[in-house]
Amino acid sequence: IGNHENQPMDYKIVVQLQEVEISGNETTVVERRELDRFDSPSIADNETWQTEHDITPTMTGEDLRVQYLLYRDSVPGTPTVENAYRDNHLWVDVSEV
């Protein structure tokens with residue numbers, strides 16, 4: 001996370017595993033499951049913070065999306081890309097072991 005807010009910031013991060021459908025330029029979340037939620041330490045202006053964390057998928061499938069949702073204030077009851085301050089994602093395939 002890079003802080004360019006001109007003041008120290010404490011961010012909140014929600015990690016979701018999402019099954020999505022893509023049609024043309026539209027992505028629709030079919031199912032979402034929260035995998036993790038954590039707070040960043042206070043990040044000074046123009047500083048960055050990163051951390052490693054493990055995730056344990058809670059569903060199987062191809063082209064699942066691990067979605068990171070960043071919030072400056074409190075996290076809403078239903079965290080989504082639309083109400084996040086910033087977001088980032090990566091695509092994963094998860095098969096049964």
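Structure: see above.
On a predicted model such as this, the values are computed, not experimentally measured, just so you know.

Visitor: Would you explain the environment of Gly61 in this entry?
Guide: When you line up the elements, Gly61 lands in strand β3 (residues 61-71). Not counting residues up to four positions away in its chain, the partners in contact with Gly61 are Val92, Asp93 and Val94.

Visitor: Can you help me understand the packing of aromatic side chains in this one?
Guide: For any pair of aromatic rings, the description rests on two quantities: the centre-to-centre distance and the angle between the ring planes. Within the structure shown, the criterion is met by one aromatic pair. The ring of Tyr85 has Arg72 lying over it, and the distance from NZ or CZ to the ring centre is 4.0 Å. Positioned above the aromatic ring of Tyr85, the side-chain terminus of Arg86 is 4.3 Å from the ring centre.

Visitor: Could you clarify how one ought to interpret the sheet that holds strand β1 (residues 12-23) in this entry?
Guide: Where strands meet in a sheet, backbone hydrogen bonds hold them as pairs that are either parallel or antiparallel. One open sheet holds the four strands; their spatial order is β2-β1-β3-β4, and the pairing between them is antiparallel. Edge strands, defined here as strands with exactly one partner in the open sheet, are β2 (26-39) and β4 (86-94). Across the sheet, the axes of successive neighbouring strands diverge by a mean angle of 25 degrees, strand direction being ignored. As paired strands, β1 and β2 are joined by twelve bridges and run antiparallel to one another.

Visitor: Where do I start with unusual backbone geometry in this structure?
Guide: Among all residues save glycine, negative phi is the norm, and among peptide bonds the norm is trans. Positive phi, normally seen in glycine, also occurs at Asn46, with a value near 65 degrees. Within the element layout of this structure, Asn46 appears in the loop between β2 and β3. Look at Asp63: it is not a glycine, yet its phi comes out positive at around 55 degrees. Position of Asp63 among the secondary structure elements: in strand β3.

Basis of the calculations
Residues numbered from 1 in each chain as written. Predicted model: local features only at pLDDT ≥ 70, side-chain atom pairs only at ≥ 80, totals over all residues. Heavy atoms only, no water. Helix = DSSP H or I, 4+ residues; strand = E, 2+ residues; numbered from the N terminus. Contact = heavy atoms within 4.5 Å. Phe/Tyr/Trp six-rings, centres within 6.5 Å; stacked < 30°, edge-to-face > 60°. Lys NZ or Arg CZ within 6 Å of the ring centre and 35° of its normal. Pairing = 2+ DSSP bridges. Axes fitted to C-alpha atoms, helices over the stretch in contact; angles between N-to-C directions.

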